[in-house]
Amino acid sequence: MHNDERLKRLAALTNDPKSAFTIRFFIVLTILFVILGGVLLFYSLGVQQVTLRYDNLSNCVGVKTCSLTINLENDISGPVFVYIRIDNFFQNHIEYLKSKDPSQAYGGSLSSADRCDPVRFNRDTGRSVSWNGSQLDPGAIANPCGYMAKSLFNDEFRIFDPSGHFVSVSTNGIAWPVDREKSRLAPDSNVSQWIKTTDERYLNWIRPSPGNVITKLWGRIERDLPAGKYTISIDLNYDVKVFGGKKSLILATRNAFGGSNFVLAGLYLGVAIL
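The rules behind these values
- Residues numbered from 1 in each chain as written.
- Predicted model: local features only at pLDDT ≥ 70, side-chain atom pairs only at ≥ 80, totals over all residues.
- Heavy atoms only, no water.
- Pairing = 2+ DSSP bridges.
- Helix = DSSP H or I, 4+ residues; strand = E, 2+ residues; numbered from the N terminus.
- Buried < 20%, exposed > 50% of the residue type's maximum accessible area, 1.4 Å probe, protein only.
- 1 Å grid on protein atoms, 1.4 Å probe; cavity = no way out; pocket = protein on both sides within 12 Å on 5 of 7 lines; lining within 4 Å.
- Points joined across faces, edges and corners; volume = space filled by probe spheres on them.
- Nonpolar A, V, L, I, M, F, W, Y, C, P; charged D, E, K, R; others polar.
- Contact = heavy atoms within 4.5 Å.
- Phe/Tyr/Trp six-rings, centres within 6.5 Å; stacked < 30°, edge-to-face > 60°.
- Lys NZ or Arg CZ within 6 Å of the ring centre and 35° of its normal.
- Axes fitted to C-alpha atoms, helices over the stretch in contact; angles between N-to-C directions.
- Salt bridge = Lys/Arg side-chain N within 4 Å of Asp/Glu carboxyl O.
- Lys, Arg positive; Asp, Glu negative; His and termini not counted.

Brief notes about the sheet that holds strand E4 (residues 156–160)
- Pairing is antiparallel in the open sheet, where four strands are placed in the order E2-E7-E4-E5. Each having just a single partner strand, strand E2 (65–72) and strand E5 (166–167) make up the two edges of the open sheet.
- Relative to strand E7 (residues 228–235), E4 runs antiparallel, the two sharing five bridges. Across the sheet, residue arginine 158 finds its bridge partner in E7, namely serine 233.

A closer look at unusual backbone geometry
- Here the bond from glycine 78 into proline 79 is cis, since omega is 0°, no more than 30 degrees from zero.
- Its place among the elements puts proline 79 in the loop between E2 and strand E3 (80–87).
- Cis peptide bonds are those with omega within 30 degrees of zero, and the linkage from asparagine 143 to proline 144 qualifies with 0°.
- The topology assignment puts proline 144 in the loop between helix H4 (122–125) and helix H5 (147–150).
- Backbone geometry places asparagine 88, a non-glycine residue, at a positive phi of 70°.
- With respect to the element layout, asparagine 88 can be found in the loop between E3 and helix H3 (94–98).
- Residue classification places asparagine 88 among the partly exposed residues on the basis of a relative accessible area of 31%.

Some remarks on empty space enclosed by the protein
- Using the criterion set out here, one finds one cavity of 30 Å³ or more in the structure.
- As for the largest cavity, its lining consists of Ile84, Leu152, Phe153, Arg201, Asn204, Trp205, Lys216, Leu217 and Trp218.

What about the layout of surface pockets?
- By volume, the largest pocket is sized at about 410 Å³.
- Forming the boundary of the largest pocket are 17 residues, of which Trp176, Asn204, Thr215, Lys216 and Leu217 lie nearest the centre.
- By residue number, the principal contributor to the lining of the largest pocket is strand E6 (residues 213–221), which donates five residues.
- Its residues placed into classes, the lining of the largest pocket shows nine nonpolar, four polar and four charged.

Quick word on the side chain of asparagine 122
- Here asparagine 122 shows up in helix H4.
- Setting aside residues up to four positions removed in sequence, asparagine 122 forms contacts with Arg127, Leu136, Asp137, Pro138, Ala140, Ile141, Ala142, Asn143 and Trp194.

Topic: the packing of aromatic side chains
- Inspection of every chain in the model, using the stated rule, returns ten aromatic pairs.
- An angle of 85° between the planes, with centres 5.9 Å apart, marks the rings of tyrosine 96 and tyrosine 147 as edge-to-face. Within this pair, whereas tyrosine 96 is found in helix H3, its partner tyrosine 147 is found in helix H5, the two being separated by 51 residues in sequence.
- Overall, the relative accessible area of 37% leaves tyrosine 147 in the partly exposed class.
- With a centroid separation of 6.2 Å and 75° between ring planes, the pair formed by tryptophan 205 and tyrosine 238 is classed as edge-to-face. Residue tryptophan 205 is found in helix H8 (residues 200–205), and its partner tyrosine 238 is found in the loop between E7 and strand E8 (246–252); the two are separated by 33 residues along the sequence.
- In this structure tryptophan 205 comes out as buried when scored by relative accessible area, which is 1%.
- Grouping aromatic residues by their ring pairs yields a cluster made of Tyr54, Phe89, Tyr96, Tyr147, Phe153, Phe157, Trp205, Trp218, Tyr238 and Phe243.
- Over the aromatic face of phenylalanine 121 sits the side chain of arginine 123, whose NZ or CZ is 4.7 Å from the ring centroid.

Side note on the sheet that holds E3
- Reading across the sheet, the four strands line up as E1-E8-E3-E6 and stay open at both edges, with antiparallel pairing between neighbours. If you trace the sheet from one side to the other, it starts and ends with strand E1 (49–53) and E6, each paired once. In this sheet, adjacent strand axes meet at a mean angle of 20° when their direction is disregarded.
- Here five bridges tie E1 to E8, and the two strands are oriented antiparallel to one another. Looking at E8, one finds that arginine 53 is bridged to serine 248.

A look at the pattern of salt bridges
- According to the stated counting rule, one finds eleven salt bridges in the structure shown.
- Between arginine 85 and aspartate 87 there is a salt bridge, with the nearest N and O atoms lying 2.9 Å from each other.
- Each member of the salt-bridge network shares a partner with another, and the members are Asp114, Asp117 and Arg120.

Description of the side chain of glutamate 200
- Among the secondary structure elements, glutamate 200 is positioned in helix H8.
- For the buried residue glutamate 200, which engages in no salt bridge, the nearest side chain bearing the opposite charge is arginine 180, 4.0 Å off.
- In contact with glutamate 200, other than residues within four places in its own chain, are Thr171, Asn172, Gly173, Ile174, Ala175 and Arg180.

Encoded structure:
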């Protein structure tokens, strides 16, 4: 018997759902999407967040330091997460992503400095001393090399509560566990590395963001913040004018799903309605 004759004798499997089954399926799917969207919306509404753009403020233009005031209208329960946001910065650009040595970026051995163009040597980083204050050899290979490391955000923030007391911001545990585990210092780190490659702000920075808006966890405040006026002193080291960017500081809490996510909640509810 020929193959075509054998195929004719095989039972055919067709997808022919009955109308009752289809209706029940979409009812269940709608209920599921409503529940998911409602839960996400509920938790998102519980997130407290204060955002302050500061690069365009009059007292923060053309100076090295400036002070800002944030008024918290309600008490915020700790921990409070401190984020920095930079607009119009494309960390996903192919040339930017290529400008680093994957091993050396986490404190390992250098495989090839050629991939680090245009930041190959210490003189290309604009730094003359190591993270520990030791003099660097300008002609030595930068550690870490590459534009990704050189572009590290380096504004500094000091927060004071309404009573004038300093609010401590911790960096412990702000980076991804997998990044903390694989990062280490070079054996001669004190005299060879211009960035401490175990610094968790640095580890967050070299994990690239997918879009043109970067939001990086800068630290966490392990205490409640009572309502009132907070003073923030900023050392302005990071220039965003060169790429037409914006700088913002964010204070926010988290929920069981992370931060607020009104977009995803809206998508679930929108699909359910349709």
